[in-house]
Each structure stands twice: as structure tokens, then as C-alpha cells.
Amino acid sequence: MRCANLLENLKKLPKKKEVKKPLTFTQCYEQIEAEVNKRRPKWYLDSVTWMDFDDVKQIIIAHLHKKFFMWEQDKPLAPWVNKIISNQFHNLLRNNYTNYVRPCLSCPFAINESSLEGSACGLTASGSQESSCPVFAKWERTKKSAYDIKMALPIESHANAVKENFGNTEAIDEAGSRLHAEMKKELNPRQWRVYKLLFIDHLDDEDVAKEMGYKTTESGRPAGYKQIKNLKRQFKERAKKIIKNKDIFYHG
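Predicted, not measured: the structure shown is a model, and the values here were computed from it. (Residues numbered from 1 in each chain as written. Predicted model: local features only at pLDDT ≥ 70, side-chain atom pairs only at ≥ 80, totals over all residues. Heavy atoms only, no water.)

*Asks:* Could you give an account of the packing of aromatic side chains, with specific residues and numbers?
*Replies:* Applying the stated rule across the entire model yields 7 aromatic pairs. Ring centres of phenylalanine 25 and tyrosine 29 lie 6.1 Å apart, and the angle between their planes is 65°; this geometry places the pair in the edge-to-face category. Residue phenylalanine 25 and its partner tyrosine 29 are both found in helix H2 (residues 25-37); the two are separated by 4 residues, about one turn of the helix. For phenylalanine 25, a relative accessible area of 12% corresponds to the buried category. Classification of tyrosine 29 by relative accessible area gives partly exposed; the value is 28%. Ring plane angle 90° and centroid distance 5.5 Å describe the contact between phenylalanine 25 and phenylalanine 68, whose orientation is recorded as edge-to-face. Within this pair, whereas phenylalanine 25 is found in helix H2, its partner phenylalanine 68 is found in the loop between helix H3 (53-67) and helix H4 (77-98), the two being separated by 43 residues in sequence. Through a chain of ring-to-ring contacts, three or more aromatic side chains come together here, namely Phe25, Tyr29, Phe68 and Trp71. (Phe/Tyr/Trp six-rings, centres within 6.5 Å; stacked < 30°, edge-to-face > 60°. Helix = DSSP H or I, 4+ residues; strand = E, 2+ residues; numbered from the N terminus. Buried < 20%, exposed > 50% of the residue type's maximum accessible area, 1.4 Å probe, protein only.)

Structure, rendered in C-alpha cells:
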């Protein structure tokens, strides 16, 4: 009798809730890839030497894999994924183009900005976008060389070549690969590692600093700020010399 009552009481006990196992990145990969692929029409920076959408896609998916543990799985996946994608787009555009592009793109005096033949200016005496404008002169002095390195060709100086090769991504990739190869010869192993992380693996400055173990003593500055800044300046100067002395863009 007692056994029967005990069994009856055991049946009335609440059953344990099944704990769902968290989803893995692999299980969500198809949905993640589909969300990234939706952004293809919004990526327009194919003119950068080593940057096409396939590269962008791999960078973003790798970043999502690294951050996947941050997704709260009681919430939908797509909004979280798209927020990460938008942030990465912004970072890639900023690091590879926006920081270096000439100021005329947002200047109210710019005229016919879409023309590859060179744009006009409503401010300068010559009517051209050139260094008689103090804002343009500052950009030319401080950022133009970095812009030319980032781009497949210095667009302002080689408009005809750009028109011929703008769609030739194979030639652009080859030129970028040649520049990387020449830079590897110029740099010591530690410098090359930083260069590769920045310009081939496309990590942002903070990730590179973390990878290299850089720190900072300056308040309000991210770790490695000064080291990365100095190294980028060295890379720019060496790349300028390579581009000046070697025919990496029109290699026969």
C-alpha cells in the first residue's frame, strides 16, 4: 500500500523542464550567410586594391564567428547579425576609404563630382579641385599618399588608366599582390606581421594591437594607438617609394 502511494506521489511531481542546448555558429551559418549576401548591392568599394565583396563577406563572417557568443539566443538572430554587418561595413569603409578621400566629395563648391575626368570647383581661381584651396592642400599634404596606396590607382592622376581598368579586378588584385610582395621584402618579420593583419587580413587597429600585445599609457587612447600610427606612417613611406620606383600597376 505504501509503495502504491509512493508511486502515485512520484507521478504527481512536476517534470523537469528540458534545457535546450544553445545553437552553434555552424547551425546558424546558412542564415548568417544569407543575411550577409543581402548586402551585396550596398557594397561599392571594389575600386580599393585588395577589397572586393568576397573579401568583405569573409571578413564579416569571421567577425560574426568571433562575436557569436554575444548573441542572446532568446532573441531573433537576424537583427543581431545585421547590426554587426552594418558596423563592419562602416568600419571597412572608414578604414579603407573615408579617412583618406579628398575633401571635395562633401564640399559645397564641388561641381560634376561623378566625372572620372576630374571635377570642377566653384571656389578656386582655376576652376579645378587643386591645392590653391587650403582644405585640398592640407589633404594633399597629409592624406593623398595614403589614399593613393589604398586605391587601385591614384584616380586624379590616372583618369584614362582608371577608365580602362576600372572593371579589371584581376589586374587590380595582381597589382595589390605585387605591392604586398614588395612590402614583405622591405619589412622585418614583426613589421610584416602588423602590415599583413592591417592590409591583407583587414583587422581593425584595436584588434591588431591586441594581437601584437601593444598597450598604452595615454588616458582615453585605445591600446596600441601610438604604435599602430607610427607603423602606418612607415608603411606609407615605404609603399610610396615602391610605387614610385617599381611598375607594380602596369606589370608586363
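*Asks:* Tell me about the nonpolar core, and name the residues and values.
*Replies:* Judged by nonpolar contacts, the single largest core of 21 residues is most densely connected at Ile32, Leu64, Phe68, Leu77 and Trp80. Elements supplying a minimum of two residues to this core: H2, H3 and H4. Tallying contributions element by element places H4 first for this core, with 8 residues. With 18 residues, the next largest nonpolar core counts Leu187, Met212, Phe235 and Ile242 among its residues. (Core = buried A, V, L, I, M, F, W, Y, C linked by side-chain atoms within 4.5 Å.)

*Asks:* Explain helix H10 (residues 205-212) residue by residue, including any values.
*Replies:* For H10, the complete set of buried residues consists of Val208, Ala209 and Met212. Each buried residue of H10 sits inside an arc of 100° when the element is viewed along its axis, so together they form one side. Across H10 from its buried face, at more than 90 degrees, point the exposed residues Glu206 and Lys210. Buried residues belonging to H10 abut helix H9 (189-199) and helix H11 (225-245). Downstream of H10 by one or two residues, glycine 213 has phi in the positive range, about 75°. (Arc of directions from axis to C-beta. Contact = heavy atoms within 4.5 Å.)

*Asks:* Mind laying out the confidence of the model for the protein chain, listing which residues take part and the relevant values?
*Replies:* Across the protein chain, the average pLDDT comes to 75, with 69% of residues at or above 70. Mean pLDDT in the protein chain bottoms out at helix H7 (residues 159-165), which sits at 43, and peaks at H2, which reaches 92. Residue range residues 113-117 is modelled with pLDDT below 50. Its contacts to residues more than four positions away, or to other chains, number 12 contacts. Under a pLDDT of 50 for its full length, residues 153-168 has, in the predicted model, 24 contacts with residues more than four places off or in other chains. (pLDDT = per-residue confidence, 0-100.)

*Asks:* Give me the lowdown on H2, citing residues and values where you can.
*Replies:* Because an α-helix packs 3.6 residues into every turn, residues spaced three or four apart end up facing the same way. Under the 1.5 Å per step criterion, the end-to-end length of H2 is 17 Å for 13 residues, consistent within 8% with the ideal 18 Å. Of all the bends in H2, the largest measures some 35° and sits at glutamine 31. Within H2 the residues assigned to the buried category are Phe25, Cys28, Ile32, Glu35 and Val36. (Expected span 1.5 Å × (residues − 1). Bend = angle between axes of the 7 residues up to and from the residue.)

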